[in-house]
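A look at the structure
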Amino acid sequence: MNLDWEFIMESLPLYGDAMWLTVKLALIAIVLSLVLGLVFSLVLFYKVKGLRSIILAYIELSRNTPLLVQLFFLYYGLPKVGIHMSEFQCAVAGMTFLGGSYMTEAFRSGIEAVGRTQLESGLSIGLSRVQLARYVILPQALAISIPSLGANAIFLLKETSIVGAIALMDLMNVAKDLIGMHYKTAESLLLLVLAYLILVLPLSLLLTWVERKVRHAEFGN
Amino acid sequence: MAKLAEEGNADMTKTGELLLKVQGVHKTFGDRQVLKGIDLQVERGEVIVILGPSGCGKSTLLRCLNGLEPVQGGHILYRGQDLAGGDVNWRELRQHIGMVFQNYELFPHMTVLENILLGPLKVQRRERAEAQQQAQELLGRVGLADRAGDYPRQLSGGQKQRIAIVRALCMNPDIILFDEVTASLDPEMVREVLDVILGLAKQGMTMIIVTHEMGFAKSVGDRIVFMDQGTVCEVAPPEQFFTSPATERAQHFLNIFEYNKL
């Protein structure tokens, strides 16, 4: 097969911009999802009245609706009630809405894996509930949660491929555009796959390394 | 029953300061009554050993004494303050009422020293140098001075349990509760842990010990509290309890540990 190298070279800057957008979007969404997940899982752990059921409802809603639908709701629905956000803000909000629930569940499974008796052990030396979380529960829970947190991060990074639906020029959208305009399908898709690999592979390798690190510090009481 | 408890108490000649007084404590899990009116008095310096068949409520009683289980009736007076009431500052109290668990429950992500110092530094806000000195001294006393930097996973069960005891001791508690602390240990490690507890008893540490080690109960206890089905059946000095238990249920219980008659 002959590839049009000139076309590829000319398209590179477009892909570069799109990669940067994808990275920015994924990074912000991942960080916000992690914060949301940590806070929500702690609320669930402490069984905060009222908030608990709201969060459980949110998790169900978030996990049982497609991201595309969530984005459309934010992008087309909210302006009808007077809330206007830019495409990028919508994408961040949508992906955080989705990622938050997955991260909550990842943190929650880690927290639940820390035995009840560990909590009692912490309480028995007079730790407060906050100290208990900080010194006893979270360090152990994080180590347990890291593989699933990492999987969620990669999942979110890949999910950015959908934000073209609300007119953001992400990688997927750039490739589709180029195919539509120049009919250079093979070149455009090749660049697309490479671009995603360049983004996802390092993250994936980093996570494997972190996981090994954490395993190394593995417990076993 | 209360009378028995009084009698058991009468021949105690420790410091005489009443540290803990349990009065008619009730505990239920759902419909199930686990503690049906427990009475018990503990003076400073006393070693109480609680014996009884599995499920008699002895561990639950211990857990009630430091607030891990709320009680549904009765009073737990610790130096005059009722712990069975609503607004109890358990954070403060647990610094005075230490507990050692069956499965050690050291924090696996911390070194031995970090485990021991967590309470003194973060809860009691003591000076690191001073707390660390005490920790090292206590580690030396249980024969583990060289293990301060190790992680729990690097220790044997017996060593872990000795560290757990040091962790409780380093808070300088008034009383320590021991909940079947040798039940998870391999037989050859039981002794090293029991020796530490015996040492504490000699130094006058106030302790309530739940155990199934009859020989140990006999030698360490000032009084034996025998529980069955959520009640205290008998309170007696060990010599008396093991040679001539007053109640049929205690006799029956002791017979289970008797192999000569087979």
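These notes cover the structure that comes with them. (Residues numbered from 1 in each chain as written. Chains lettered and ligands numbered in written order. Predicted model: local features only at pLDDT ≥ 70, side-chain atom pairs only at ≥ 80, totals over all residues. Heavy atoms only, no water.)

Another point: unusual backbone geometry. The phi torsion at Lys 47 of chain A lies on the positive side, around 50°, for a residue other than glycine. Relative to the helices and strands, Lys 47 of chain A resides in the loop between helix H1 (5–45) and helix H2 (51–63). Relative accessible area serves as the criterion here: at 56%, Lys 47 of chain A is assigned to the exposed category. Backbone geometry places Arg 125 of chain B, a non-glycine residue, at a positive phi of 55°. (Helix = DSSP H or I, 4+ residues; strand = E, 2+ residues; numbered from the N terminus. Buried < 20%, exposed > 50% of the residue type's maximum accessible area, 1.4 Å probe, protein only.)

Residues and elements named next belong to chain B. Pairing within the open sheet is mixed, and its six strands lie in the order S6-S7-S8-S3-S9-S10. The sheet terminates laterally at strand S6 (97–100) and strand S10 (231–236), the two strands that pair on one side only. Each adjacent strand pair in this sheet contributes to an overall mean axis angle of 20°, direction not counted. Direction of pairing for S6 relative to strand S7 (residues 175–179): parallel, over a ladder of four bridges. Following the sheet pairing, Met 99 is matched in S7 by Leu 177. Across the sheet, helix H10 (residues 248–256) is in contact with strand S3 (47–51), strand S9 (223–228) and S10; its angle to S9 comes to roughly 95°. (Pairing = 2+ DSSP bridges. Axes fitted to C-alpha atoms, helices over the stretch in contact; angles between N-to-C directions. Contact = heavy atoms within 4.5 Å.)

Here we take up the pairing of S10 of chain B. Residue and element names in this part refer to chain B. Within S10, six of the six residues are buried, leaving the element largely enclosed by the surrounding structure. Relative to S10, S9 runs antiparallel, the two being bridged by five bridges. Residue Phe 226 lies in a different strand from S10, and its bridge partner there is Glu 234. A loop of two residues connects S9 with S10, the two strands running antiparallel in sequence, and Gln 229 in this loop sits at a positive phi of about 50°.

Let us look at the sheet that holds strand S4 (residues 73–78) of chain B. Hydrogen bonds between backbone groups are what pair the strands of a sheet, and the pairing can be parallel or antiparallel. Residues and elements named next belong to chain B. The strand order S2-S1-S4-S5 describes an open sheet built from four strands, whose pairing is antiparallel. Each edge of the open sheet is held by one strand with a lone partner, namely strand S2 (32–43) and strand S5 (81–82). By the bridge criterion, nine bridges tie strand S1 (residues 18–29) to S2 in an arrangement that is antiparallel. Looking at the pairing, Thr 28 lines up with Gln 33 of S2. The strands touched by helix H2 (residues 58–65) are S1, S2 and S4; relative to S2, the strand with the most contacts, the crossing angle is about 65°.

Residue-level contacts link 26 residues of chain B with 23 residues of chain A. Summed over both sides, the interface of chain B with chain A buries roughly 2100 Å², with 56% coming from carbon and sulfur. The interface formed by chain B and chain A holds one salt bridge in total. Glu 120 of chain A is paired through a salt bridge with Arg 63 of chain B; the nearest N and O atoms lie 2.5 Å apart. The tally of links from chain B across to chain A stands at ten residue pairs in polar contact (both at pLDDT 80 or more). Only helix H3 (90–94), S6, helix H4 (112–123) and helix H6 (157–169) of chain B provide two or more residues apiece to the side of chain B that touches chain A. At four residues, the largest contribution of residues to the side of chain B that touches chain A is made by H4 of chain B. Taken together, the residues that form the side of chain B that touches chain A break down as twelve nonpolar, four polar and ten charged. (Buried area = accessible area lost by both parts, 1.4 Å probe. Salt bridge = Lys/Arg side-chain N within 4 Å of Asp/Glu carboxyl O. Polar contact = N/O pair within 3.5 Å; in protein donor to acceptor, adjacent residues only side chain to side chain. Nonpolar A, V, L, I, M, F, W, Y, C, P; charged D, E, K, R; others polar.)

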